[in-house]
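The chain contents come next:
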Amino acid sequence: MRPRPKALRQKRRYLLVRVLPPWQEIEQKALYLAVSGAVTSLFGDAHAAEIQPAVVFSDRGCAILRCRRGCEGDLSVACATVTAAGDLRVALRTVAVSGTIAALKGRMDGWIHALPPQEALYGEKEVRSFRYGRHKVDVLQEGIKKQSIVFLTDCEREEI
C-alpha cells in the first residue's frame with residue numbers, strides 16, 4: 001500500500017490596515033464582522049469563502065487581516081468600503097501586504113499611534129484633541145447643533 005500524500009497547506013497573505021480615526025477603540029469581533037460583511041456584499045458568498053477573511057490582530061489605530069494568497073487585492077477593495085464597525089464610524093486603509101505577521105508588526109513599530117485624548121485650548125474654549133500621525137491634530141469642537149472635527153496642521157498650532 002502506498003502512503004497517502006499529505007494535503008498542502010494553503011498560503012496566506014496578511015494586510016496591515018490603518019483604522020481611521022485612530023482613537024476609536026474597536027473590538028476585534030466587530031472589525032471582523034464589518035470586514036466579512038463588506039467582502040460578502042461586494043463579491044458574494046462563494047468568493048467570500050475563497051478569500052477567507054480574518055482579523056488576526058487589532059490595536060490602537062491598526063489591524064492585521066488575513067486572506068488566501070491571490071485574494072489580497074479583493075480584500076483590500078472590500079476594506080475600502082467599510083464605513084462602520086459595530087456602532088462606531090470608521091474607515092479602513094490598507095498600508096502594506098506581506099506573507100508574514102512578523103514583517104507587518106515590524107512596520108507597525110515605526111508608527112506613532114494615536115495618543116489618548118488631551119484637553120487643549122482652541123480659541124477660548126477647552127476642547128478634546130487627538131494627536132496622531134506625525135503632523136496632524138484633530139480637535140472635537142462642540143457646536144450648537146452637533147460636534148464637528150477641526151483638523152490642524154503644524155503651522156496652525158502652537159506648542160507650550
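Right above here is the structure, for reference.
Residues numbered from 1 in each chain as written. Predicted model: local features only at pLDDT ≥ 70, side-chain atom pairs only at ≥ 80, totals over all residues. Heavy atoms only, no water.

Novice: For this particular structure, what's the right way to read the overall build of the protein?
Specialist: Regarding its fold elements, the protein presents three helices and ten strands. Element order for the protein, N to C, with α for helix and β for strand: β-α-β-β-α-β-β-β-α-β-β-β-β. Counting only residues that meet the buried cut, the protein has 32% of its 160 residues in that class. The long-range fraction of contacts in the protein, counting pairs at least 24 apart against all pairs at least 6 apart in sequence, stands at 57%. (Helix = DSSP H or I, 4+ residues; strand = E, 2+ residues; numbered from the N terminus. Buried < 20%, exposed > 50% of the residue type's maximum accessible area, 1.4 Å probe, protein only. Contact = heavy atoms within 4.5 Å.)

Novice: Looking at this model, I keep getting lost on unusual backbone geometry. Mind explaining?
Specialist: The bulk of non-glycine residues show a negative phi, and the bulk of peptide bonds are trans. Along the chain, L20 connects to P21 via a cis peptide bond; the corresponding omega equals -5 degrees. Among the secondary structure elements, P21 is positioned in the loop between β1 (12-20) and α1 (28-51). The backbone of Q52 shows a phi angle near 55 degrees, a positive value even though the residue is not glycine. Mapped onto the elements, Q52 comes out in the loop between α1 and β2 (54-59).

Novice: Just checking my understanding: could you explain the nonpolar core for this structure?
Specialist: Core analysis: the biggest nonpolar cluster contains 24 residues, and I26, V39, L65, L75 and L92 have the highest contact counts within it. For this core, the secondary-structure elements that each account for two or more residues are β1, α1, β3 (62-68) and α2 (72-80). Ranked by the residues each element gives to this core, the list is headed by α1, at eight residues. Membership of the second largest hydrophobic core comes to seven residues, among which are C62, I64, L104 and M108. (Core = buried A, V, L, I, M, F, W, Y, C linked by side-chain atoms within 4.5 Å.)

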